[in-house]
Amino acid sequence: MKYKEFISKLYIKGAGRQKVELTRDLFLSAVNDTSVITDNRISNESYKGYNRGNSISAIATDVIGDLNKKGIRNFLKDYSNSYPEKKAEYVQIICKRFKDDIPDITAENICEKIADFFIDAVIRPVAKETKQEDATPPHHLNSAQAQVSEPATAVDDSTEQDDNSLHYSNHTENFYDNHTDNYNENTTNINETSLSSVTNNITLINDNRSNTITINISENNANELAELKSLIKYLYSSFLNLDDEGCALCIGSGFRTSEEQNEQEQNFQAHKDAFINESKNLRRYYLTFPELVEIFEKLLSLSQTLTFKYEFKNNEHNEVIFVAEPKIEEYKEYIKKVSGALFK
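The model shown is predicted, which means the values in this text are computed figures rather than measured ones.

(A) Up close: the overall build of the chain. Check the secondary structure of the chain and you find 14 helices and five strands. A burial count over the chain gives 44% of its 344 residues as buried. Summarising the internal contacts of the chain: among those between residues at least 6 apart in sequence, 69% fall at separations of at least 24.

(B) Region of interest: the nonpolar core. Core analysis: the biggest nonpolar cluster contains 42 residues, and Y3, F6, L10, F98, I114 and F118 have the highest contact counts within it. Of all elements in the fold, only α1 (3-10), α2 (19-29), α4 (45-52), α5 (57-65), α6 (69-80), α7 (87-98) and α8 (110-135) reach the threshold of two or more residues within this core. Ranked by the residues each element gives to this core, the list is headed by α8, at ten residues. When neighbours within four sequence positions are excluded, F6 is seen to be in contact with M1, L26, F98, I114, F117, F118 and V122.

(C) How the structure looks around α7. Its twelve residues give α7 an end-to-end C-alpha distance of 17 Å, which sits within 8% of 16 Å, the value for a rise of 1.5 Å per residue. All of the buried residues in α7 are Y90, V91, I94, C95 and F98. Seen from one end, α7 has its buried residues packed into an arc of 135°, which puts them on one side. Residues of α7 that are exposed and point more than 90 degrees away from the buried face comprise A88 and K96.

(D) Spatial organisation of empty space enclosed by the protein. Under the criterion given, the structure shown has three cavities of 30 Å³ or more. Considering only enclosed or pocket space, the largest cavity measures out at about 130 Å³ in volume. Lining the largest cavity are 15 residues; nearest its centre among them are S29, F75, K233, Y234 and S237. The set of elements that each furnish at least two residues to the lining of the largest cavity consists of α2, α6 and α11 (222-252). Considered class by class, the residues forming the lining of the largest cavity number three nonpolar, eight polar and four charged.

(E) A look at the side chain of S303. Tracing the sequence through the fold places S303 in helix α13 (residues 293-305). Apart from residues lying up to four places away in sequence, S303 is in contact with F275, I276, S279 and Y331.

(F) Fine view of the packing of α13 against helix α14 (residues 326-343). Following both chains from N to C, one finds α13 and α14 inclined at 145°, their axes separated by 10 Å at the closest point. When the axes of α13 and α14 are compared, the crossing they make is left-handed. For the pair α13 and α14, contact is made by I295, F296, K298, L299, L302, S303 and T305 and by K327, E330, Y331, Y334, I335 and V338, respectively. For the contact of α13 with α14, the class distribution of residues is eight nonpolar, two polar and three charged.

(G) Main features of unusual backbone geometry. A positive phi angle, near 60°, is found at F308, a position not held by glycine. Relative to the helices and strands, F308 resides in the loop between α13 and β4 (310-314).

(H) Just the state of the cysteines, in detail. Within this structure, the stated rule accounts for zero disulfides. We note that C111 lacks a disulfide partner, and the nearest cysteine sulfur, in C95, lies 9.4 Å from it.

(I) A look at the pattern of salt bridges. With the rule as written, the count across this model stands at 14 salt bridges. Residue R41 is joined to D62 by a salt bridge in which the shortest nitrogen-to-oxygen separation is 2.8 Å. With R41 in the loop between α3 (35-38) and α4 and D62 in helix α5, this pair connects stretches of sequence that are 21 residues apart. Close ionic contact of K69 with D116 constitutes a salt bridge, the shortest N to O distance being 3.5 Å.

(J) Focus on the environment of V126. The topology assignment puts V126 in helix α8. Residues contacting V126, with those up to four places away along its chain left out, are I56, S57 and A60.

(K) Summary view of the side chain of S80. Turning to its location among the elements, S80 is positioned in helix α6. Looking at S80, its side chain comes within polar contact range of the main-chain oxygen of K77, at 2.8 Å. Contacts of S80, omitting those with residues within four sequence positions, involve K87 and V91.

Conventions used here
Residues numbered from 1 in each chain as written. Predicted model: local features only at pLDDT ≥ 70, side-chain atom pairs only at ≥ 80, totals over all residues. Heavy atoms only, no water. Helix = DSSP H or I, 4+ residues; strand = E, 2+ residues; numbered from the N terminus. Buried < 20%, exposed > 50% of the residue type's maximum accessible area, 1.4 Å probe, protein only. Contact = heavy atoms within 4.5 Å. Core = buried A, V, L, I, M, F, W, Y, C linked by side-chain atoms within 4.5 Å. Expected span 1.5 Å × (residues − 1). Arc of directions from axis to C-beta. 1 Å grid on protein atoms, 1.4 Å probe; cavity = no way out; pocket = protein on both sides within 12 Å on 5 of 7 lines; lining within 4 Å. Points joined across faces, edges and corners; volume = space filled by probe spheres on them. Nonpolar A, V, L, I, M, F, W, Y, C, P; charged D, E, K, R; others polar. Axes fitted to C-alpha atoms, helices over the stretch in contact; angles between N-to-C directions. Left-handed = near helix turned anticlockwise from the far one by under 90°. Disulfide = S-S within 2.5 Å. Salt bridge = Lys/Arg side-chain N within 4 Å of Asp/Glu carboxyl O. Polar contact = N/O pair within 3.5 Å; in protein donor to acceptor, adjacent residues only side chain to side chain.

Quick look at the structure:
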């Protein structure tokens, strides 16, 4: 099945995510290390292109190379739980859409069946085909073939428009590229702990190198480690989504009616509340991984105080710049350190 058809069947308008967000979060959930996806796709334009039918060969290959089937299932579960009062309705809609492709799909097995279908019928065939093409010696193109290229992705069609106005879409894409992916690795805001990883251990080394704490990954806590990885991946993805939504709320407020702005803010608050509640699940792992308690407490504290607000300010040259709250970078530092240790 083509990805465009798959995502159209999975997407339900009003279920908590725009289609571009659903695509991005789905692919992020499909890998153990989210940088496999984000390092090569720094804005939403790539994901919008997949929704319109652009080739997914590159991202499919990346996913198969670092596949996390459980992560996909957990994401689909979270997606179906976005609005508990409408969960039964949404699940039935999705089951009906996929019935011809997955005859034994039910409300009880929907997450497992769609995750398997996504991997086996959507992603894997494309990755396999790409691998075979890479192994084929190149041949010369004639002039007609040389003019054929992928469809452009610069202009989105009406079904893929975000709720925010196109008047500022280019600005937000450029802004996201800068503020989401480029940050100073050597910042001094956090100097208590740095993390690294070895084969079966997670090692925390403080900055003065006077003390090293090693967590041994035994059979007893291997399952909890897998669950923790899934939770960290979800929190990181949710944090990035909230960061984008907070930026869009500020930039797009002048282009919306008060009713539209109010609806956007309510959706944002619902996503933020879910993020805070999921962050509390970090405490489940305090006994199993006591060495991580301090950094988890900081992540939990920040999750409850982040506003994701941006504002316009004048710099020293009297130029207008867009400024995020400092805690955004602070949270990003902590979550990246944890991710780097768990997924390395």
